[in-house]
Amino acid sequence: MNFDLTMNHDKILILDFGSQVTQLIARRVREAHVYCEVHPCDVSSEWVRQYAADGRLKGIILSGSHASVYEVDDRAPDAVFELGVPVLGICYGMQTMAQQLGGRVEGSPVREFGYAEVRARGHTALLKDIADFHTPEGHGMLKVWMSHGDKVVELPPGFKLMASTDSCPIAGMADETRRFYGVQFHPEVTHTVQGRAILERFVLEICGARPDWIMRDHIEEAVAAIRAQVGDEEVLLGLSGGVDSSVAAALIHRAIGDQLTCVFVDHGLLRLHEGDMVMDMFAGKLHARVIRVDASELFLRELAGVTDPEQKRKIIGRLFVDVFKAEAEKLKAARPGSKGIQWLAQGTIYPDVIESGGAKSKKAVTIKSHHNVGGLPEQLGLKLLEPLRDLFKDEVRELGVALGLPHDMVYRHPFPGPGLGVRILGEVKKEYADLLRRADAIFIEELRSTIEPNSGKSWYDLVSQAFAVFLPVKSVGVMGDGRTYDYVVALRAVQTSDFMTADWAELPYGLLKRVSSRIINEVRGINRVTYDVSSKPPATIEWE
């Protein structure tokens, strides 16, 4: 049973043809405070009609794809063009719209990947008065991101030209009578300067969707939905200390109070004092019922001798499930004959839902192998409660602040499910974890306390993710009059808008110098600090 938290909101349907950036379309729509959902492109026309039956569907967006429309069968369901709602096709979405409605698409001898300047023919509702600059002749121009090898060479009947480049004469098209629009570029990526304005124009003005998807107001809806779903039954939640499970716990506790029991499994691979902070917040300040399980010895014992990153992830994921199941069984046994715990809550968020749905239809990647809960609901015989399943990460953070969680907790940088287990290269040992915890804490402390003068923000807020990595090698050093032979840590800090690509952060030398000096002086056992200057791609953000 899933209570619909979105039943009072207008909605935009995004059909995913397999683009790597489809989730960005959804995030941009949500940033305009309009609710939207992503579904695979191979849904049926009947499904689309049913989806629109409640009258809340205000528009449809067709995503990009790596494929060519003349080589694959991926088409928009016919109902998309029959419902009478506005439709926006992006890249492949424009091409399939053109082909399905009577136009023609061909491979282009000149492919466009990256920055381009598009002449915006502003006589359509979508692009009117939107431009980055004007040519001497007075033509409005857009700075955009292109990624295509095919192009529309013949407009469908009823369409007119909306945008063009020298190598792509039809870079945008419009049928204003039916409110159908197509753009060859990607407005969802930050590289398209006016992308947000274009998507907001489509969603708010052309579709007329109400901008009422606001996290502060969502709390009341979510609390009512949880109460209706759970009734007087009890809920169990695995609290990891991460943002998603923390916000889920705070929201459920707001709704049902002591009907919620949290199990916090401390695997010994958390950041410095993190376990105590979690207990202080949830047991101390929120007065939630939290059971803390110190399983660090078990995890370290099972990880001994294991060096393969994927194997480490699987061991940590399996042990988490085993420990959590054991605690759940204890709780059930402690109250025989009572209704007891009937629900398992988890912090599933919308990207998880999109990815698992896309995996079934071969349109997207699968969830990572260490996704914590696995098949726990079935194994425990519990019903599943997922109060965040409609939200993106940035919305979860907004919700957490609105619920009263500390800003520093909610806006912490991402932390992998296996914790320090994948930031210690090779074998995981307690000694390594203790050294890394202290080095990492110094790095984060200095980032938080160092203000960048132009923005007035701390460097912690200016980078998207920062952490230390333990390298299982020793190097020669000199301290005082003595020779040392100690371990090495690498510092990593990146800046990114979507975590799909990332640039290494150009931290000030003075900041790096302070961090290095403090780590070497304060963490006995480390005598060398390096800084990772690799971007993604070709490197990944995490080292393992």
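Predicted model, so just to flag it, every value in this text is computed and none were measured. (Residues numbered from 1 in each chain as written. Predicted model: local features only at pLDDT ≥ 70, side-chain atom pairs only at ≥ 80, totals over all residues. Heavy atoms only, no water.)

(A) Broad picture of the nonpolar core. In this structure, L447, L491, L507 and I519 are the most contacted members of the largest nonpolar core, which totals 54 residues. Both domains that furnish three or more residues to this core are identified here as domain 2 (217-411) and domain 3 (430-531). If sequence neighbours within four positions are ignored, L507 has contacts with F443, L447, W459, V463, A493, L512 and Y531. V230, L237, A249 and L391 belong to the second-largest nonpolar core, a separate cluster that totals 42 residues. (Core = buried A, V, L, I, M, F, W, Y, C linked by side-chain atoms within 4.5 Å. Buried < 20%, exposed > 50% of the residue type's maximum accessible area, 1.4 Å probe, protein only. Domains from an automatic or database assignment. Contact = heavy atoms within 4.5 Å.)

(B) Summary view of the packing of aromatic side chains. A full pass over the atoms with the stated rule returns 10 aromatic pairs. For the pair Y432 and Y487, a centre-to-centre distance of 5.4 Å together with 70 degrees between the ring planes defines the contact as edge-to-face. Note that Y432 is positioned in helix α14 (residues 430-449) and Y487 in strand β19 (residues 482-495), a separation of 55 residues in sequence. On the accessibility criterion, Y487 (11% relative accessible area) is buried. The interplanar angle of 50 degrees and the centroid separation of 5.1 Å between the aromatic rings of F470 and Y487 together place this pair among those described as tilted. With F470 in strand β18 (residues 465-479) and Y487 in strand β19, this pair connects stretches of sequence that are 17 residues apart. What makes F470 buried here is its relative accessible area of 0%. In this structure an aromatic cluster arises from ring pairing among Y432, F470 and Y487. The residue whose ring lies beneath K11 is Y51, and the NZ or CZ to ring-centre distance is 3.9 Å. Positioned above the aromatic ring of Y460 is the side chain of R448, whose terminal nitrogen or guanidinium carbon lies 3.9 Å from the ring centre. (Phe/Tyr/Trp six-rings, centres within 6.5 Å; stacked < 30°, edge-to-face > 60°. Helix = DSSP H or I, 4+ residues; strand = E, 2+ residues; numbered from the N terminus. Lys NZ or Arg CZ within 6 Å of the ring centre and 35° of its normal.)

(C) Examining the packing of α14 against helix α16 (residues 509-522) more closely. Where α14 contacts α16, the two axes come as close as 9 Å, and the packing angle between them is 150 degrees. When the axes of α14 and α16 are compared, the pair comes out roughly antiparallel. Where α14 crosses over α16, the two elements pack in a sense that is right-handed. Contacts between α14 and α16 involve R438, A439, I442, F443, E445, E446 and L447 on the former and, on the latter, L511, R514, V515, R518, I519 and E522. Looking at the contact of α14 with α16, its residues break down into 7 nonpolar, no polar and 6 charged. (Axes fitted to C-alpha atoms, helices over the stretch in contact; angles between N-to-C directions. Parallel < 35°, antiparallel > 145°, perpendicular 65-115°, else oblique. Left-handed = near helix turned anticlockwise from the far one by under 90°. Nonpolar A, V, L, I, M, F, W, Y, C, P; charged D, E, K, R; others polar.)

(D) Structural view of the UniProt feature "active site" (unreviewed entry) in the chain. UniProt feature "active site" (unreviewed entry): in the numbering of this structure it lies at C91, H186 and E188. Considering the C-alpha atoms alone, the annotated residues occupy 98 residues of sequence yet fold into one spot, their largest mutual distance being 11.1 Å. If you trace the backbone, C91 turns up in the loop between β4 (87-90) and α3 (92-100). With a relative accessible area of 3%, C91 lands in the buried category. (UniProt positions renumbered as here; feature names shortened; annotations may be inferred.)

(E) Local environment of the pairing of β19. Most of β19 sits inside the fold, with 10 of its 14 residues counted as buried. Pairing geometry for β19 and strand β20 (residues 503-504), over 2 bridges, is antiparallel. Bridge pairing in β20 links Q495 to D503. (Pairing = 2+ DSSP bridges.)

(F) Representation of helix α6 (residues 243-256). Helix length check: α6, at 14 residues, gives a terminal C-alpha distance of 20 Å against a target of 20 Å (1.5 Å per residue), a fit within 8%. Burial within α6 is extensive, with 13 of its 14 residues counted as buried. Directly beyond the C-terminal end of α6, a positive phi value near 55 degrees is found at G257. (Expected span 1.5 Å × (residues − 1).)

(G) Looking closely at the domain arrangement of the chain. Domain annotation for the chain reports domain 1 (11-205), domain 2 (217-411) and domain 3 (430-531). Contacts between domain 2 and domain 3 engage 8 residues on the former and 8 residues on the latter. The contact between domain 2 and domain 3 buries some 600 Å² in all, and 56% of this surface belongs to carbon and sulfur atoms. When the buried area of domain 2 at its contact with domain 3 is split by residue, L272, L300 and D408 rank highest and sum to 55% of it. Between domain 2 and domain 3 we count 1 salt bridge in total. As a salt-bridge pair, D408 and R448 come within 3.7 Å of each other at their nearest N and O atoms. Here domain 2 and domain 3 share 2 residue pairs in polar contact (both at pLDDT 80 or more) between them. Counted by class, the side of domain 2 that touches domain 3 contains 5 nonpolar, 1 polar and 2 charged residues. (Buried area = accessible area lost by both parts, 1.4 Å probe. Salt bridge = Lys/Arg side-chain N within 4 Å of Asp/Glu carboxyl O. Polar contact = N/O pair within 3.5 Å; in protein donor to acceptor, adjacent residues only side chain to side chain.)

(H) Region of interest: the sheet that holds strand β13 (residues 289-294). The sheet built from 5 strands is open, its strands ordered β13-β12-β11-β14-β15 with parallel pairing. Strands with a single pairing partner mark the edges of an open sheet, and in this sheet they are β13 and β15 (383-385). Direction aside, the axes of adjacent strands within the sheet are offset by 30 degrees on average. Along the sheet face, helix α7 (residues 274-285) touches β12 (260-266) and β13 and points at about 165 degrees away from the line of β13.

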